[in-house]
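What follows is the residue order along each chain.
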Amino acid sequence: MGLLEWGLLLLLSVLWGGSFFFSKVALAELPPFTVVLGRVAIAAAALYVYLRATGRTIPESGDVWRAFFGMGLLNNLIPFSLIFWGQTAIASGLASILNATTPIFSILVAHLLTADEKMTPQKIAGVLLGVAGVVVLMSGSAFAGNGPPLWALVACLSAALSYGFAGTFGRRFRRMGIAPAVGAFGQTAATTVMMLPLVALVDAPWGLAAPHLVTIGALLALALISTALAYIIFFHILSVGGAINSSLVTLLIPVSAILLGSLVLGERLSSSHFLGMALIALGLLSIDGRIFAMLRRAPAT
């Protein structure tokens, strides 16, 4: 990836870090599936207006829309629902740390399903460090019953696994010649269609109390900033840097998520959470090759 892509990766980490904060605010009044539907439906509408305003063509091919529905399932419906469900019981900062395991799952999935992103010694080392970080996060209080519930931690980890599959699945958009903004619209529109019957069946939103303006504002920010704009950037990075490089954004997301959760929501994380995040960060740096490159350049003593 070039300098532009690394800069976009940093911007994307801020946008997606904010998504954990915005969703936590929205979940105070709205159930998880309704928040997912609001997020993707508003994002799809905004992206549709953007595509029309810029004169871009929306694909009509059945093969393309099948790909959109597959990506919408793996990259939106499953992980959004699991993360929001988990966030009803755990802090937004902790959810973002668990989400940082996405590259670890991306490596495993890419190794099994692709020909050009196979496992290497440094990736294996990164996976082991990342697994160690997850063990630290889920140890102690999580199993003792006086900390975050285990089901919430597993839900966020399962979301990261789904993102791992989505990163590999999404590589086909480049082969199909689909522009980033078109891919972002297609998957959010497809997810909206899939979420409608689920929300109607489970949440029955017509019976919910009208949300306050703060909740509406958080949902709009989640949809427009952390989804519509973020996905345009994400698909550009994915098309240039591949599944593993694009998933490295999750290394940076916890920083902004933790800061927002701490400053605005008053959330606090334990020392084991930060230790787990440090191990995951080391794992991601190993995957990226930075640690090994620095060791090779270090002068001999």
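Just above, that's the structure.
Residues numbered from 1 in each chain as written. Predicted model: local features only at pLDDT ≥ 70, side-chain atom pairs only at ≥ 80, totals over all residues. Heavy atoms only, no water.

For the protein chain, the count of helices and strands is 14 helices and zero strands. Going from the N terminus to the C terminus, the protein chain shows its helices and strands as α-α-α-α-α-α-α-α-α-α-α-α-α-α. Out of the 301 residues in the protein chain, the part that is buried amounts to 53%. Intrachain contacts of the protein chain at a sequence separation of at least 6 include 88% that bridge at least 24 residues. Taken as a whole, the protein chain presents about 13,100 Å² of accessible surface, with 71% of it coming from carbon and sulfur. (Helix = DSSP H or I, 4+ residues; strand = E, 2+ residues; numbered from the N terminus. Buried < 20%, exposed > 50% of the residue type's maximum accessible area, 1.4 Å probe, protein only. Contact = heavy atoms within 4.5 Å. Areas by Shrake-Rupley, 256 points an atom, 1.4 Å probe, with all protein chains shown as cover.)

Turning to the pattern of salt bridges, a few remarks are in order. Within the structure shown, the criterion is met by one salt bridge. The partner of Arg66 in a salt bridge is Asp63, with the nearest N and O atoms 2.2 Å apart. With Arg66 and Asp63 both in helix α3 (residues 62–87) and three residues apart, this pair spans about one turn of that helix. (Salt bridge = Lys/Arg side-chain N within 4 Å of Asp/Glu carboxyl O.)

Right, let's get into the packing of aromatic side chains. For the coordinates displayed, the defined rule picks out eight aromatic pairs. Note on Trp65 and Phe68: the rings are 4.9 Å apart at their centroids and 85° apart in plane angle, and the pair reads as edge-to-face. Pair noted here: Trp65 and Phe68 are both in helix α3, with a separation of three residues, about one helical turn. Arranged with centres 6.2 Å apart and planes meeting at 20°, the rings of Phe80 and Phe84 form a pair that is stacked. You can see Phe80 and its partner Phe84 sitting in helix α3, four residues apart, about one turn around the helix. For the pair Phe80 and Phe84, a shared accessibility class is recorded, and that class is buried. (Phe/Tyr/Trp six-rings, centres within 6.5 Å; stacked < 30°, edge-to-face > 60°.)

On to the side chain of Thr227. Relative to the helices and strands, Thr227 is located in helix α11 (residues 213–247). Setting aside chain neighbours within four positions, we find Thr227 in contact with Arg39, Ala43, Thr188 and Leu222.

Here we come to the packing of helix α5 (residues 102–113) against helix α8 (residues 150–169). The interhelical angle for the contact between α5 and α8, taken along N-to-C directions, is 45°, at an axis separation of 8 Å. The angle between α5 and α8 places the two elements in the oblique class. In this structure, α5 meets α8 at a crossing whose hand is right-handed. Here Thr102, Phe105, Ser106, Val109, Ala110 and Leu113 of α5 come into contact with α8, specifically with Leu157, Ala160, Leu161, Tyr163, Gly164, Phe165 and Thr168. (Axes fitted to C-alpha atoms, helices over the stretch in contact; angles between N-to-C directions. Parallel < 35°, antiparallel > 145°, perpendicular 65-115°, else oblique. Left-handed = near helix turned anticlockwise from the far one by under 90°.)

In the contact formed by helix α2 (residues 32–53) and helix α10 (residues 180–202), the axes pass within 8 Å of each other and the chain directions differ by 145°. In the crossing of α2 with α10, the sense of the turn from one axis to the other is left-handed. In the contact of α2 with α10, the residues fall into 21 nonpolar, four polar and no charged. (Nonpolar A, V, L, I, M, F, W, Y, C, P; charged D, E, K, R; others polar.)

Let's shift gears to unusual backbone geometry. Positive phi is not limited to glycine here, since Ala204 has a value of about 45°. With respect to the secondary-structure elements, Ala204 resides in the loop between α10 and α11.

Moving on, we come to a nonpolar patch on the surface. There is a patch of nonpolar side chains on the surface, built from Leu213, Ile216, Leu220, Leu224 and Ile225 and spanning about 440 Å² of accessible area. In this fold, Leu220 is placed in helix α11. A residue is classified by how much of its surface remains accessible, and Leu220, at 38% relative accessible area, is partly exposed. (Patch = residues over 30% accessible without salt bridge, like charges linked within 9 Å, V, L, I, M, F, W, Y side chains within 5 Å.)

All right, on to α10 then. The terminal C-alpha atoms of α10, which comprises 23 residues, lie 32 Å apart, in line with the 33 Å expected from a rise of 1.5 Å per residue. Of all the bends in α10, the greatest reaches close to 35° and is centred on Met195; the proline Pro197 follows between one and four positions later. (Expected span 1.5 Å × (residues − 1). Bend = angle between axes of the 7 residues up to and from the residue.)

A rise of 1.5 Å per residue sets the reference length of α8, with its 20 residues, at 28 Å; its end C-alpha atoms lie 29 Å apart and thus fit the reference within 8%. Counting buried positions along α8 gives 14 out of 20 residues, so the element sits mostly inside the fold.

We now examine the environment of Tyr231. Structurally, Tyr231 is set in helix α11. We classify Tyr231 as buried; its relative accessible area is 2%. Residues Tyr231 and Ala181, spaced 50 residues apart in sequence, show a C-alpha to C-alpha distance of 7.4 Å. Here Tyr231 is in contact with Trp16, Asn75, Asn76, Phe80, Ala184, Gln187 and Thr188, once residues within four sequence places are set aside.

Before going further, it helps to spend a moment on the environment of Gly183. Topologically, Gly183 is positioned in helix α10. The class of Gly183 is buried, set by a relative accessible area of 1%.

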